[in-house]
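# Coordinate inspection notes
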Amino acid sequence: MAPVAAVTRWRLLLVLSAAGFGAVGAPKPPNILLLLMDDDTLSRWLPGRPCLRKQHVSDACTLAHRVGFCKPSPAEATLSSLLAKARLCRPLSLSDSCPLLSPAVAAAPTASCVLPQQRRERFLLKMGWGDLGVYGEPSRETPNLDRMAAEGMLFPNFYSANPLCSPSRAALLTGRLPIRNGFYTTNGHARNAYTPQEIVGGIPDGEHLLPELLKGAGYASKIVGKWHLGHRPQFHPLKHGFDEWFGSPNCHFGPYDNRARPNIPVYRDWEMVGRYYEEFPINLRTGEANLTQVYLQEALDFMKRQQVAQRPFFLYWAIDATHAPVYASRPFLGTSRRGRYGDAVREIDDSVGKILSLLRDLRITENTFVFFTSDNGAALISAPKQGGSNGPFLCGKQTTFEGGMREPAIAWWPGRIPAGQVSHQLGSIMDLFTTSLALAGLALPSDRVIDGLDLLPAMLRGQLTDRPIFYYRGNTLMAVTLGQYKAHFWTWTNSWEEYRQGIDFCPGQNVSGVTTHTQEEHTKLPLIFHLGRDPGERYPLSFASTEYLDALRGVTLVVQQHQKTLVPGQPQLNVCNQAVMNWAPPGCEKLGKCLTPPESIPEKCSWPH
């Protein structure tokens, strides 16, 4: 989507010479690594905790470093500076009161520190905004990601394209909203949907995926980890541009009995090489699995081979250790103060460190762009043992509140992106598509709407672009953010029936009239929040205020423009059929692992929330 308007003022100064970038005669375009986390868990955060007082210093020196109580190490000083630039905190003295975002609550005796948001791209995993040390997580268990941030750029205002995994991943690889690329359902109003193994649909042939387009610049591409864009043969990632694949088409749910439901296969390229809980064991009791180490080795081997071949590469590292059921390998189990989830985060952090270390050893850091982010917010319903933290933001995965879609994001490109910087550009996971094509010197497809924005001006020159963020749930536009203002046209967490059964997407965060358990329409008079003052979406602006009316005018114009040109794609997530599950994937006959499918009975998928 075209930017609404250019922002001429800079919020911070970024100085970088772009000499030689894209120059004629350059040996090859930069390598691109997207690190994607699953169910975002980057940092378990300060907001929501009481403000720092003297008594907290002894048991939270890491946090004290953030606010100036202790003498920080050079690395901690850099992180503290990043937090300040990201407006996550300000320095405090021992006598200071808590930094509050709203004067209205300045006198509250139990006020909590509240911090703004962040996003990540290029290495994609499932985590929450508050799971990394650089985002304020106090256990200091992500040193490699923290170093990556200190050497690169943070995006505290970065968003997924959907509060659920499959649609967000489809948006990343197409640069288009799920409502355009078909990754949504019309089976109910405002229903989340994804790709379990009984789903009939998947990524449409008509969509142009990033690896397919990068072939035009000579890139070799590989996906490591979870695909999640359809498991039937026509949706195979190697049919949509990838050259190599090691991973699975679905989440690692199970184990199943291979009678009513088959275990999920693991593929190497075109054929399965085993199944989860069989050749690739996951111990649900202990949480032990060696998958992250396998995925790490796949990534390292691929990068080494492409360097020998002197071919630019695109690596999409989409591991899922932080998605319930959470797992980690034996050396990491029991090592975190955050339990099994923390063990998984520590192993991922260690893996990212090894990936970046290899880039240094190969001496290709200055020709490799790396982006780390997540596909949706932390699954608070699984927290704390199986889920992460969304920091100061409201609710989590499955919702279109900030906790469901705001992500941590780190860009790393030594010698190109200035170290230790923070960009307040509103970013989206779809921007990785557009930015990657710009890095490769390729034009965007001209026959369709592309929603992603090129982030290179923000990263290389500090140039900010005004653009909206749309929050869809299924086929319904739930909210939009423009600048600092977020307008909700519908509010809903999940049904009262589910909530009474213990399914809570917003534990401990009930906000009257906002976190509703019935679908509440606000299209005529949206609820509008100022996310700078109120990132937790707790205090809607007064309908009668001049500020509300001014914000409403801007938002209304953007939504009208969006809806006027919107052509929804054919919904892919409406039909389910037990017969299309992973009974007999390609290669099963070589392993003696083909199973007999049941009778084919297509039916309407049920999406309860």
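Residues numbered from 1 in each chain as written. Predicted model: local features only at pLDDT ≥ 70, side-chain atom pairs only at ≥ 80, totals over all residues. Heavy atoms only, no water.

### Focus on the overall build of the protein
Tallying secondary structure elements over the protein gives 14 helices and 24 strands in all. Within the protein, the fraction of its 609 residues that count as buried is 61%. Put simply, of all contacts in the protein between residues at least 6 apart along the chain, 76% involve residues at least 24 apart. Counting only carbon and sulfur atoms, one obtains 54% of the accessible surface of the protein, whose full area is about 22300 Å². (Helix = DSSP H or I, 4+ residues; strand = E, 2+ residues; numbered from the N terminus. Buried < 20%, exposed > 50% of the residue type's maximum accessible area, 1.4 Å probe, protein only. Contact = heavy atoms within 4.5 Å. Areas by Shrake-Rupley, 256 points an atom, 1.4 Å probe, with all protein chains shown as cover.)

### Overview of the sheet that holds strand β5 (residues 158-159)
Strand pairing within a sheet occurs via backbone hydrogen bonds; the two strands may be parallel or antiparallel. Taken in spatial order, the three strands line up as β12-β5-β15 in an open sheet, and their pairing is mixed. Pairing within the sheet leaves two strands with one partner each, and these edge strands are β12 (406-407) and β15 (427-428). Of the pairings in the sheet, the one linking β5 to β12 comprises two bridges and is antiparallel in character. Across the sheet, residue Phe-158 finds its bridge partner in β12, namely Glu-407. (Pairing = 2+ DSSP bridges.)

### Focus: the packing of helix α7 (residues 291-309) against helix α8 (residues 339-361)
Two numbers describe how α7 lies on α8: the axes approach to 10 Å, and their chain directions differ by 10 degrees. Classified by the angle their axes make, α7 and α8 are roughly parallel. Across the interface between the two elements, Thr-292, Gln-293, Leu-296, Ala-299, Leu-300, Met-303 and Lys-304 of α7 pack against Glu-347, Ser-351, Lys-354, Ile-355, Leu-358 and Leu-359 of α8. Of the residues contributing to the contact of α7 with α8, the split by class is seven nonpolar, three polar and three charged. (Axes fitted to C-alpha atoms, helices over the stretch in contact; angles between N-to-C directions. Parallel < 35°, antiparallel > 145°, perpendicular 65-115°, else oblique. Nonpolar A, V, L, I, M, F, W, Y, C, P; charged D, E, K, R; others polar.)

### Focus: the sheet that holds strand β19 (residues 485-488)
Read from one edge to the other, the open sheet built from four strands follows the order β17-β18-β19-β22, with strand pairing classed as antiparallel. The open sheet terminates on both sides in strands that have one partner only, identified here as β17 (468-473) and β22 (527-530). Between one strand axis and the next, the sheet turns through 20 degrees on average, direction left out of account. Across six bridges, the pairing between β17 and strand β18 (residues 476-482) is antiparallel. The partner of Ile-469 across the bridge, within β18, is Thr-481. Where helix α13 (residues 546-565) meets the sheet, it contacts β17, β18, β19 and β22, and its direction lies at approximately 125 degrees from that of β18.

### Considerations on the UniProt feature "modified residue: 3-oxoalanine (Cys)" (unreviewed entry) in the protein
As annotated by UniProt and renumbered to match this structure, "modified residue: 3-oxoalanine (Cys)" (unreviewed entry) occupies Cys-165. Within the secondary structure, Cys-165 sits in helix α4 (residues 165-174). Its relative accessible area of 3% is what places Cys-165 among the buried residues. (UniProt positions renumbered as here; feature names shortened; annotations may be inferred.)

### Details of the UniProt feature "glycosylation site" (unreviewed entry) in the protein
Per the UniProt record, "glycosylation site" (unreviewed entry) is annotated on Asn-290 and Asn-510. With respect to the secondary-structure elements, Asn-290 resides in the loop between β9 (271-275) and α7.

### Let's talk about the packing of aromatic side chains
Scanning all chains against the criterion turns up 16 aromatic pairs. Aromatic side chains Phe-242 and Tyr-316 sit 6.2 Å apart centroid to centroid with 20 degrees between the ring planes, which places their arrangement in the stacked category. A residue pair is termed long-range when its members are at least 10 positions apart, and Phe-242 in the loop between β6 (220-226) and β7 (244-248) and Tyr-316 in strand β10 (residues 313-318) qualify at 74 residues. Per residue, the accessibility class of Phe-242 equals that of Tyr-316, and both read buried. Sitting over the face of the ring of Tyr-256, Arg-261 holds its NZ or CZ atom 5.6 Å from the ring centroid. (Phe/Tyr/Trp six-rings, centres within 6.5 Å; stacked < 30°, edge-to-face > 60°. Lys NZ or Arg CZ within 6 Å of the ring centre and 35° of its normal.)

### Let's talk about the state of the cysteines
Taken as a whole, this structure holds three disulfides when the rule is applied. Cys-395 shares a disulfide with Cys-506; S-S distance 2.0 Å. Its S-S torsion of approximately 105 degrees makes the covalent link between Cys-395 and Cys-506 right-handed. Here Cys-395 is found in the loop between β11 (368-374) and α9 (402-405), whereas its partner Cys-506 is found in the loop between α12 (496-500) and β21 (520-521), with 111 residues between them in sequence. Cys-506 shares its class with Cys-395; the two are buried. Across a sulfur-sulfur distance of 2.1 Å, Cys-576 and Cys-605 are joined as a disulfide pair. For the disulfide bridge between Cys-576 and Cys-605, the dihedral angle about the S-S bond is near 110 degrees, and by the sign convention the bridge is right-handed. Here Cys-605 lies in the segment after β24 (603-604) and Cys-576 lies in strand β23 (residues 575-576), a separation of 29 residues in the sequence. Taken as a pair, Cys-576 and Cys-605 share a single burial class, namely buried. Summary of cysteine pairing: Cys-165 is not part of a disulfide, and the nearest cysteine sulfur, belonging to Cys-251, is at 4.9 Å. Taking the relative accessible area as the measure of exposure, Cys-251 reaches 4% and is therefore buried. (Disulfide = S-S within 2.5 Å.)

### What about the pattern of salt bridges?
It is possible for side chains of opposite charge to pair when their charged atoms get near one another. Tallied over the full model, the rule gives 26 salt bridges. In this structure, the salt-bridge partner of Arg-360 is Glu-151, at a minimum N-O distance of 3.0 Å. With Arg-360 in helix α8 and Glu-151 in helix α3 (residues 143-151), the pair connects residues that are 209 residues apart, well separated along the chain. By relative accessible area, which is 28% here, Arg-360 ends up partly exposed. Here Lys-593 ties to Glu-278 by a salt bridge, and the two come within 2.6 Å at their closest N and O atoms. Of this pair, Lys-593 sits in the loop between α14 (588-591) and β24 while Glu-278 sits in the loop between β9 and α7, and the two are 315 residues apart along the sequence. Residue class for Glu-278 comes out partly exposed when judged on its relative accessible area of 28%. The network of salt bridges with common partners includes Lys-222, Glu-244, Arg-268, Glu-298 and Arg-305. (Salt bridge = Lys/Arg side-chain N within 4 Å of Asp/Glu carboxyl O.)

### Some remarks on unusual backbone geometry
The residue after Gly-254, namely Pro-255, is reached through a cis peptide bond having omega -5 degrees. Looking at where Pro-255 falls in the secondary structure, it is placed in the loop between β7 and β8 (265-268). A cis geometry characterises the amide bond from Ala-324 onward to Pro-325, with omega recorded as 0 degrees. For Ala-190, which is not glycine, the phi dihedral falls at a positive 55 degrees. Checked against the element boundaries, Ala-190 lands in the loop between α5 (178-181) and α6 (210-214). Despite not being glycine, Cys-395 shows a phi value in the positive range, around 65 degrees. The buried category is assigned to Cys-395, whose relative accessible area is 0%.

### Thoughts on the side chain of Asn-494
Summarising the element assignment, Asn-494 is placed in the loop between β20 (490-491) and α12. At 2.8 Å, the side chain of Asn-494 and the backbone oxygen of Ile-503 are in polar contact. When near neighbours in sequence (up to four residues on either side) are disregarded, Asn-494 contacts Tyr-499, Ile-503, Phe-505, Thr-516, His-517 and His-609. (Polar contact = N/O pair within 3.5 Å; in protein donor to acceptor, adjacent residues only side chain to side chain.)

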